[in-house]
Amino acid sequence: MAAPSTDTCGLMDRSVRERVPPLLTDLYQFTMAYAYWRAGRHQDPAVFEMFFRDNPFDGGFSLFAGLHDCLLFLRSFRLTDQDVEFLRSVLPPNTDPAFFHFLRGLNCSAVTIRSVPEGSVVFARVPLMEVEGPLAVVQLLETSLLCLVNYASLVCSNAARFRLAAGHQRRLLEMGLRRAQGPDGGLTASRYTHIGGFDLTSNVQAGFLFGIPVAGTMAHSYVTSFSSLEEVWPQTLVTANGDPDPVDVISLTKGWLRRVCELLGAEPGKIHEGELAAFLSYAIAYPQNFLPVIDSYSVGCSGLLNFCAVAMALCELGYKPVGVRLDSGDLCRQSIEVRRIFRLCSEQFSVSTFDSLIIVGTNNISEESMTELNKKENEIDVVGVGTHLVTCTKQPSLGCVFKLVEVRGRPRMKISEDPKKSTVAGRKAVYRLLDADGHRASVQCCRNKSKGPELPADSAPST
């Protein structure tokens, strides 16, 4: 991922302060903090740990994400006078007024986080993060930290599963902003799907803030907004080599359309003139970035023919069109036919650029359909994924929890009526044991002061 500039790093800091202020928490965190304060226990040194109970998506792993935002949140944690006045209005009326003075002076200077690195592969019931500090302060952090980690880790893990299903050769484009759970969900998804393995995003703000490569094609609305060639303006284009004399690109394209139709035995009467006008208008605006969607009417009878004609005209003028997008129907079958036509045009018209045109596939892609796509013959170079990626339709929540494990140096545990919800007391050291080939053999958690697992003399734990 490209490194954000100093200016955008400042924007990221401000974004976290605005998105996750201290009041973005549950009310009971403040009532518990008051009770700790009232009992004189608010400064007791305490340790909480964050973990999830089951691997997501019925899989064998998760990716940990959200750490950077957690650190920015801690750095900016401070209640304003306005925050404190609001709390005065919602807490019970018998709350000691001195407690609000205590709140006004709170910060996280005494809080320490120990965590696995951002983007690490993690497993169920193994601590992801340990938060140590004054009992009342760390208690107040619980909900916000969970909010920052739960979705980030879930969508990052979902992206990794899509990457595994797609393989390493095919490029993946995240395009789920319009389907995300609100603006913050969309921005979080763009950021953490990139960490999870996606190459590109359609989200411009994510590119600005996080340095993620941004990409896009065109919408069907652009294509269907045109009805005739008379709407194309300007109607000329200068050559790529800088020749000052503009070329009548409409006439040039019409000539290529006749040749393409003759080559393929296509019926010119079935070609949609409005689609051709849309392609021409876009190509004139962006002759080096021409990648239209070609299924607004019919791929075989109109869209592909119009693309080839416009692309041939661009090549004649010295430009390099990029490719096409397919957004409906049998993507595998269509991609094979589109590639066949590209190769035929390249051979017949001696235009090598057509050998490197890319095919983008988008059509409500899920992890399952991605897997199926890989099992079939196809010519798709880039897959765009939206809804099923950012909404995590197979599992809506990772289920991270934040549990107290130590107070004043003494271990604490929760027993519970449900054994699955019981916790393991005390601070822990986590060992990831690898086999001779470097693959994970097991993960062991030991009490922090306990002796680690015994290993053969020629082995070493990855901690």
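Before reading further, recall that the structure is shown in the block above.
Residues numbered from 1 in each chain as written. Predicted model: local features only at pLDDT ≥ 70, side-chain atom pairs only at ≥ 80, totals over all residues. Heavy atoms only, no water.

Some remarks on the state of the cysteines
Test applied: Note on disulfides: each one is a pair of cysteine sulfur atoms within 2.5 Å. Here's how the labels work: a residue is buried when its accessible area is under 20% of the maximum for its type, exposed when over 50%, partly exposed in between, all with a 1.4 Å probe on protein chains only.
This structure, assessed with the given rule, holds zero disulfides. For Cys308, which is in no disulfide, the shortest distance to another cysteine sulfur is to Cys345 and amounts to 4.2 Å. Overall, Cys308 belongs to the buried group, its relative accessible area being 0%. Cysteine Cys315 remains unbridged, with the sulfur of Cys308 as its closest cysteine sulfur at 10 Å.

Topic: the environment of Glu275
Here is the rule we go by: Secondary structure elements follow DSSP: runs of H or I of four or more residues count as helices, runs of E of two or more count as strands, with numbering from the N terminus. Working rule for contacts: check all heavy atoms of both residues, and any pair within 4.5 Å makes them a contact. N or O atoms closer than or at 3.5 Å make up a polar contact, with two conditions inside protein: a donor-capable atom paired with an acceptor-capable one, and, for residues adjacent in sequence, both atoms drawn from side chains.
Position of Glu275 relative to the elements: it lies in helix H11 (residues 273–285). Residue Glu275 is classed as buried on the basis of its relative accessible area of 0%. Expressed as a C-alpha distance, the spacing of Glu275 and Phe226, which sit 49 residues apart in the sequence, is 6.6 Å. Not counting the four nearest positions on each side in its chain, Glu275 is found in contact with Val223, Ile294, Ser296, Tyr297, Ser302, Gly303 and Asn306. A polar side-chain atom of Glu275 sits 3.0 Å from a polar atom in the side chain of Asn306.

Remarks on the packing of helix H6 (residues 135–166) against helix H7 (residues 182–195)
Inclusion rule: Whenever a helix is involved, its axis is fitted only over the stretch in contact; in every case the axis is a line through C-alpha atoms, and angles between N-to-C directions fall within 0 to 180 degrees. Just so you know how the angles are binned, under 35 degrees is roughly parallel, over 145 roughly antiparallel, 65 to 115 roughly perpendicular, and the rest oblique. Here is the rule for handedness: rotate from the far helix to the near one, and if that takes an anticlockwise turn smaller than a right angle the crossing is left-handed, while a clockwise turn gives right-handed. We call Asp, Glu, Lys and Arg charged. Ala, Val, Leu, Ile, Met, Phe, Trp, Tyr, Cys and Pro are nonpolar, and the rest, Gly among them, are polar.
Remark: H6 packs on H7, axes separated minimally by 8 Å, with the N-to-C direction vectors making an angle of 50°. With respect to each other, H6 and H7 are oriented oblique. Here H6 runs over H7; the crossing is right-handed. Of H7, the residues touching H6 (which contributes Tyr151, Ala152, Val155, Cys156 and Ala159) are Gly185, Thr188, Ala189, Tyr192, Thr193 and Ile195. Partitioned by chemical class, the residues of the contact of H6 with H7 number eight nonpolar, three polar and no charged.

Focus on helix H14 (residues 367–375)
The cut-off we apply is this: The directions from the helix axis to the C-beta atoms are what the arc is built from.
Those residues of H14 that fall on the buried side of the exposure criterion are Glu367, Met370 and Leu373. One face of H14 carries all of its buried residues, which in axial projection span an arc of 115°. Where H14 is buried, its residues contact H6, strand S6 (171–174), helix H13 (331–349) and strand S12 (382–385).

Comments concerning the nonpolar core
Under the convention used in this document: Here, the term nonpolar core denotes a set of buried Ala, Val, Leu, Ile, Met, Phe, Trp, Tyr and Cys residues that are joined through side-chain atoms within 4.5 Å.
Counting 130 residues, the largest nonpolar core has Leu103, Phe307, Phe342 and Phe354 as the members making the most contacts within it. Looking at this core element by element, the count peaks at 20 residues for H6. Apart from residues lying up to four places away in sequence, Phe307 is in contact with Phe279, Phe290, Pro292, Ile294, Pro321, Gly323, Val324, Phe342 and Leu357.

Some points on the sheet that holds strand S14 (residues 410–411)
Threshold: Strands are labelled as partners when DSSP assigns at least two bridges between them.
Pairing within the open sheet is antiparallel, and its five strands lie in the order S3-S5-S1-S13-S14. Edge positions in the sheet fall to strand S3 (112–115) and S14, since each has one partner strand and no second. Two strands pair when backbone bridges link them, and strand S13 (residues 400–407) and S14 are joined in this way by two bridges, in the antiparallel orientation. Residue Glu406 lies in a different strand from S14, and its bridge partner there is Pro411. Where helix H3 (residues 67–76) meets the sheet, its contacts fall on S3 and strand S5 (129–134), and the angle it forms with S3 comes to roughly 175°. Sheet strands touched by H6: strand S1 (45–52), S5 and S13. Its angle to S5, the strand with the most contacts, is close to 155°.

Some points on the side chain of Glu174
Stated precisely, the cut-off is as follows: Counted as positive: Lys and Arg. Counted as negative: Asp and Glu. His and the chain ends are not counted at all. Take a side-chain nitrogen of Lys or Arg and a carboxyl oxygen of Asp or Glu: if they are within 4 Å of each other, that pair is a salt bridge.
Among the secondary structure elements, Glu174 is positioned in strand S6. In this structure, Glu174 is buried with no salt-bridge partner, the nearest side chain bearing the opposite charge being Arg178 at 9.3 Å. Within the structure, the side chain of Glu174 is placed 2.8 Å from the backbone nitrogen of Gly176, a separation counted as a polar contact. Among all residues touching Glu174, those that are not within four sequence positions of it are Ser190, Thr193, Phe198, Leu200, Thr201, Ser202, Val385, Leu389 and Val390.

Observations concerning the packing of aromatic side chains
For clarity, the threshold we go by: Here a pair means two rings of Phe, Tyr or Trp (six-membered ring of Trp) with centres within 6.5 Å. Their orientation is stacked below 30 degrees between planes, edge-to-face above 60, and tilted elsewhere.
Summed over all chains, the structure comprises 17 aromatic pairs. Centre to centre, the rings of Phe48 and Phe402 are 5.0 Å apart; their planes meet at 15°, and the pair counts as stacked. With Phe48 in strand S1 and Phe402 in strand S13, this pair connects stretches of sequence that are 354 residues apart. Residue Phe48 is classed as buried on the basis of its relative accessible area of 3%. Linked through ring pairs, Tyr34, Trp37, Phe99, Phe100 and Phe102 together constitute an aromatic cluster.

Here we look at the pairing of strand S10 (residues 323–326)
For clarity, the threshold we go by: With strands facing away from the observer, any crossover in which the path from the first strand over the helix to the second runs clockwise is taken as right-handed.
Of the strand pairs in this sheet, S10 and strand S11 (residues 358–361) are connected by four bridges, and their pairing is parallel. Across the sheet, residue Leu326 finds its bridge partner in S11, namely Gly361. In this fold, S10 hands off to H13, which returns the chain to S11; that crossover is right-handed.

Treat this as a map of the structure, not an account of what it does.
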